[in-house]
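# Inside the fold
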Amino acid sequence: MYSPDAPNNQKLTKASSEDVIESFEQLLENDQRIEPRDDMPDNYRRTLIRQIGQHAHSEIIGMQPEANWITRAPSLRRKAILMSKVQDEAGHGLYLYSAAETLGADRTDLLEKLNDGKMKYSSIFNYPTPTWADMGAIGWLVDGAAIVNQVPLCRNSYGPYARAMVRICKEESFHQRQGYEIMLTLSNGTPEQKEMAQDALNRWWWPSVMMFGPPDDQSPNSAASMKWKIKLFSNDDLRQKFVDMAVGQADILGLTIPDPDLKWNEETGHYDFGEPDWDEFFDVINGNGPCNKLRVDSRRKAHEDGQWVRDAAVAFANKQKTLAENQAA
Ligand code: FAQ
């Protein structure tokens, strides 16, 4: 079993390191996909397990802030849509855990590391969702940021991850629109509703900008991941793309992005924007955000409460196996 935190000297199983490097680099150079059957350097495998595992964890932890609103959605239509969205996120987690398994990772091991706080998930899900407008802001900004980050991942070098991302991005695109539509409805509603939308934008803006990860000069994994074509664009490039995209969308909503330094730069052809609070970011990813404890505790409880389902599934599978063996005998 490969683990995201296994030592770097873990043995390669199929070929000598040199052969692996040569055939692997050939595939990368020709822009061909690396598939589970191919030899690959251990560090490539480990980096993918880390990233895909964190990504899967983000999808299932990301269900919590929105699930919080399912019982309180303002109409049956909104409730049905929100339930489908939260269910989609569970599905994304499943595709991604399956992709990690093709690399030799063990799903139970990954989940244990999440429950024990030994593996990360996205910083963004450690913020609270006190109002209905947060459902709009999450869809618009968080799914919007996720799309900017994940569309290039559809072309990343590892086949099963890239293919999983195609379907995920299609669904994220729907999620983004449903969130924007909530924001649009609130912005065109009563002054109180518009104020609620602005308040949600004020609280979600900076965490969304920080979702893309630390600045490039403080991103220890980027150099290798870009060389291996796991990441096709840097954290800062994607962050810029997101800001450029969001400004026009906020204008249409008639809402103000909470950044006094945001202004169009004629020379670069992009928006300049202020510096996020990176101390806050590192606090959050190190477990000290406003909701880290709540998210991990809820996750652990859900896992424990689900033990009887896993036990029943195993008992049923064993029973079917015995029945099949008896019939064959
Ligand atoms: N949060 O060297 P880098 C979604 C960590 S899915 C927490 O730049 P890398 C859908 C990073 O892991 C959202 N930790 O790292 C949805 C590393 O720590 P490590 C998730 C972060 O991997 C919507 C350290 O900082 N998306 O939203 C974060 O090259 C609505 C140094 O960073 C993905 O996972 C962060 N934001 O680049 C669901 C996409 N940023 O592991 C429900 C795939 C960095 O060395 C509702 N992942 N760190 O201990 C990626 O593209 C990359 O992993 C990055 C980070 C860009 C996130």
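Everything here concerns the structure above.
Since we're looking at a predicted model, the values are computed, not measured. (Residues numbered from 1 in each chain as written. Predicted model: local features only at pLDDT ≥ 70, side-chain atom pairs only at ≥ 80, totals over all residues. Heavy atoms only, no water.)

### What about the overall build of the protein chain?
Put simply, the rule reads: Helix and strand assignments follow DSSP, with helices taken as H or I runs no shorter than four residues and strands as E runs no shorter than two, numbered in order from the N terminus. It is over C-alpha atoms that the radius of gyration is taken, and the globule rule equals 2.2 Å times the number of residues to the power 0.38. Relative accessibility under 20% of the residue-type maximum defines a buried residue, over 50% an exposed one, and the middle range a partly exposed one, all with a 1.4 Å probe and only protein chains included. Contacts are assigned to residue pairs with any non-hydrogen atoms lying within 4.5 Å of each other. Under the convention used here, a 1.4 Å probe and the Shrake-Rupley method define accessible areas, while residue burial counts only the protein chains that appear. Charged residues are defined here as Lys and Arg on the positive side and Asp and Glu on the negative side; His and the ends of the chain fall outside this count. In this description, the location of a charge corresponds to atom NZ of lysine, CZ of arginine, CG of aspartate or CD of glutamate.
Counting its secondary structure elements, the protein chain contains 13 helices and two strands. By the compact-globule yardstick of 20 Å for 329 residues, the protein chain fits well, its C-alpha radius of gyration being 22 Å. Taken along its principal axes, the extent of the C-alpha atoms in the protein chain is 70 × 50 × 30 Å. Within the protein chain, the fraction of its 329 residues that count as buried is 48%. Within the protein chain, contacts between residues at least 6 apart in sequence are counted, and of these 77% link residues at least 24 apart. With an accessible surface of roughly 16700 Å², the protein chain has 54% of that area assigned to carbon and sulfur atoms. One way to put it: in the protein chain the 37 positive side-chain charges average out to a point 7 Å from where the 49 negative ones average out.

### Let's talk about the pattern of salt bridges
Here is the rule we go by: For this analysis, a salt bridge means a side-chain nitrogen from Lys or Arg found within 4 Å of a carboxyl oxygen belonging to Asp or Glu.
Inspection of every chain in the model, using the stated rule, returns 17 salt bridges. A salt bridge links Lys113 to Asp109; its shortest N-O distance comes to 2.8 Å. Residue Lys113 and its partner Asp109 are both found in helix 5 (residues 107-115); the two are separated by four residues, about one turn of the helix. For the pair shown, Lys113 and Asp109 are each scored as buried. The partner of Asp305 in a salt bridge is Lys301, with the nearest N and O atoms 2.7 Å apart. Taken together, the residues span about one helical turn, with Asp305 and Lys301 both in helix 12 (residues 292-305) at a distance of four residues. Each of Glu66, Lys85, Glu89 and Asp143 takes part in salt bridges that share partners, so that together they form one network.

### Let's talk about the packing of helix 2 (residues 42-61) against helix 7 (residues 159-187)
The angle between the axes and the distance between the axes are what describe a pair of packed helices. What counts, and what does not: The axes are straight lines fitted to the C-alpha atoms, using for helices just the contacting stretch, and the angles between their N-to-C directions are given from 0 to 180°. Reported orientations rely on four angle classes, namely roughly parallel under 35 degrees, roughly antiparallel over 145, roughly perpendicular from 65 to 115, and oblique for the rest. Should the near helix be turned anticlockwise from the far one by less than a right angle, the crossing is termed left-handed; should it be turned clockwise, right-handed. Ten residue types, Ala, Val, Leu, Ile, Met, Phe, Trp, Tyr, Cys and Pro, are classed as nonpolar, four, Asp, Glu, Lys and Arg, as charged, and the remainder, Gly among them, as polar.
In contact at an axis separation of 13 Å, helix 2 and helix 7 are set at 25° when each is read in the N-to-C sense. As far as their axial angle goes, helix 7 and helix 2 are roughly parallel. Our pair here, helix 2 against helix 7, has a crossing hand that is left-handed. Where helix 2 abuts helix 7, its residues Leu48, Gln51, Ile52, His55 and Glu59 lie against Tyr161, Met165, Ile168 and Glu172. Considered class by class, the residues forming the contact of helix 2 with helix 7 number five nonpolar, two polar and two charged.

### Looking at the site of the ligand
Selection criterion: When we say a residue is near a molecule or strand, we mean one of its heavy atoms is within 4 Å of it. A 3.5 Å cut-off defines polar contacts: any pair of N or O atoms within that distance qualifies, except that in protein one atom must be a possible hydrogen donor and the other a possible acceptor, and neighbouring residues in sequence count only when both atoms are side-chain atoms.
If you check the shell around the ligand, you find 34 residues, and the closest are Gln54, Lys120, Ser123, Ser219 and Lys231. In the model, an oxygen atom of the ligand is placed 2.8 Å from a nitrogen or oxygen of the Gln54 side chain. Within the contact set of the ligand, an oxygen atom lies 2.5 Å away from a side-chain nitrogen or oxygen of Lys120. For the ligand, the protein covers 91% of the area, taking 1100 Å² as the surface of the free molecule. Sorting the residues of the shell around the ligand by element identifies helix 2, helix 4 (76-101), helix 6 (133-150), helix 7 and helix 11 (278-288) as the ones contributing at least two each. Sort the elements by how many residues they give to the shell around the ligand and helix 2 lands first, with six residues. A class-by-class count of the residues in the shell around the ligand yields twelve nonpolar, 13 polar and nine charged.

### What about the environment of Ala223?
Checked against the element boundaries, Ala223 lands in helix 9 (residues 222-227). Here Ala223 falls in the exposed class, since its relative accessible area comes to 63%.

### Some details on the environment of Leu103
With respect to the helices and strands, Leu103 occurs in the loop between helix 4 and helix 5. Accessibility expressed as a relative area gives 1% for Leu103, which makes it buried. Residues Leu103 and Val151 lie 48 residues apart in sequence; the distance between their C-alpha atoms is 22 Å.

### Concerning helix 2
Test applied: Expected span, for any helix, means 1.5 Å times one less than how many residues it has.
Here helix 2 is 20 residues long and its end C-alpha atoms lie 28 Å apart, about the 28 Å a rise of 1.5 Å per residue gives. Counting buried positions over the 20 residues of helix 2 gives 17, a clear majority of the element.

### Re the nonpolar core
The criterion, for reference: Residue types Ala, Val, Leu, Ile, Met, Phe, Trp, Tyr and Cys, when buried and joined through side-chain atoms within 4.5 Å, form a set referred to as a nonpolar core.
The biggest cluster of nonpolar side chains holds 76 residues, and the ones touching the most others in it are Tyr44, Ile52, Tyr158, Trp204, Trp205 and Phe242. Examining the composition of this core, we find that nine residues originate from one element, helix 6, more than from any other.

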